[in-house]
Amino acid sequence: MGKHNSVILIDYSKCSPCSGLICIGVCPFGVLEAGTDDKPQIVDVVSCTRCGVCANLCPLKAITINQNESKDK
Ligand code: SF4
Ligand code: SF4
């Protein structure tokens, strides 16, 4: 349970969300989409390659990519 969802952790208390929804725009794989509150929702986690681009470019450091997810079980 929760295995895939633990790959990307979005801290909604940090996400304002930013102007332009940077993380959604930069993800090459369409993993993130804006929800009704405009904050990013994880809509296709299996396509996430954990490239880290979204986390690196988030101005508020609201996203954490769990690189070790497969080992955590
Ligand atoms: S880590 Fe890469 S593939 Fe995964 S959601 Fe972020 S930008 Fe998309
Ligand atoms: S880049 Fe960061 S602040 Fe901007 S929408 Fe994504 S998670 Fe929120």
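See the structure printed just above.
Residues numbered from 1 in each chain as written. Chains lettered and ligands numbered in written order. Predicted model: local features only at pLDDT ≥ 70, side-chain atom pairs only at ≥ 80, totals over all residues. Heavy atoms only, no water.

**Student:** Can you tell me about the site of ligand 2, naming the residues and giving the values?
**Tutor:** In the region of ligand 2, the neighbouring residues are Cys-15, Pro-17, Cys-18, Leu-21, Ile-22, Cys-23, Pro-40, Cys-58, Pro-59, Leu-60, Ala-62 and Ile-63. Because more than half of its atoms lie within 2 Å of the grid, ligand 2 is assigned to the largest cavity. Partitioned by chemical class, the residues of the shell around ligand 2 number twelve nonpolar, no polar and no charged. (Near = heavy atom within 4 Å. 1 Å grid on protein atoms, 1.4 Å probe; cavity = no way out; pocket = protein on both sides within 12 Å on 5 of 7 lines; lining within 4 Å. Sits in = over half its atoms within 2 Å of the grid points. Nonpolar A, V, L, I, M, F, W, Y, C, P; charged D, E, K, R; others polar.)

**Student:** So what's going on with the nonpolar core? Which residues, and what values?
**Tutor:** Of all hydrophobic cores here, the largest spans 15 residues; its most connected members are Ile-8, Cys-23, Val-31, Leu-32, Cys-54, Ile-63 and Ile-65. Looking at this core, the elements that each hand over two or more residues are strand S1 (8-10), helix H1 (22-26), helix H2 (53-57) and strand S4 (63-65). Apart from residues lying up to four places away in sequence, Cys-54 is in contact with Cys-23, Val-26, Leu-32, Ile-63 and Ile-65. (Core = buried A, V, L, I, M, F, W, Y, C linked by side-chain atoms within 4.5 Å. Buried < 20%, exposed > 50% of the residue type's maximum accessible area, 1.4 Å probe, protein only. Helix = DSSP H or I, 4+ residues; strand = E, 2+ residues; numbered from the N terminus. Contact = heavy atoms within 4.5 Å.)

**Student:** Account for the site of ligand 1, naming residues and giving values.
**Tutor:** Around ligand 1 sit Ile-8, Cys-27, Pro-28, Phe-29, Val-31, Cys-48, Thr-49, Arg-50, Cys-51, Gly-52, Cys-54 and Ile-65, and that is every residue in its neighbourhood. Among the residues making up the shell around ligand 1, the classes are represented as nine nonpolar, two polar and one charged.

**Student:** Help me get a handle on empty space enclosed by the protein, residues and values and all.
**Tutor:** Applying the stated criterion across every chain yields a total of two cavities of 30 Å³ or more. Counted as a void, the largest cavity has a volume near 80 Å³. Every residue lining the largest cavity is counted, 13 residues in all, and those nearest its centre are Cys-15, Cys-18, Cys-23, Pro-40 and Cys-58. Broken down by class, the residue content of the lining of the largest cavity amounts to twelve nonpolar, one polar and no charged. Estimated volume of the second largest cavity: approximately 60 Å³. As for the second largest cavity, its lining consists of Ile-8, Cys-27, Phe-29, Val-31, Leu-32, Cys-48, Thr-49, Cys-51, Gly-52, Cys-54 and Ile-65. (Points joined across faces, edges and corners; volume = space filled by probe spheres on them.)

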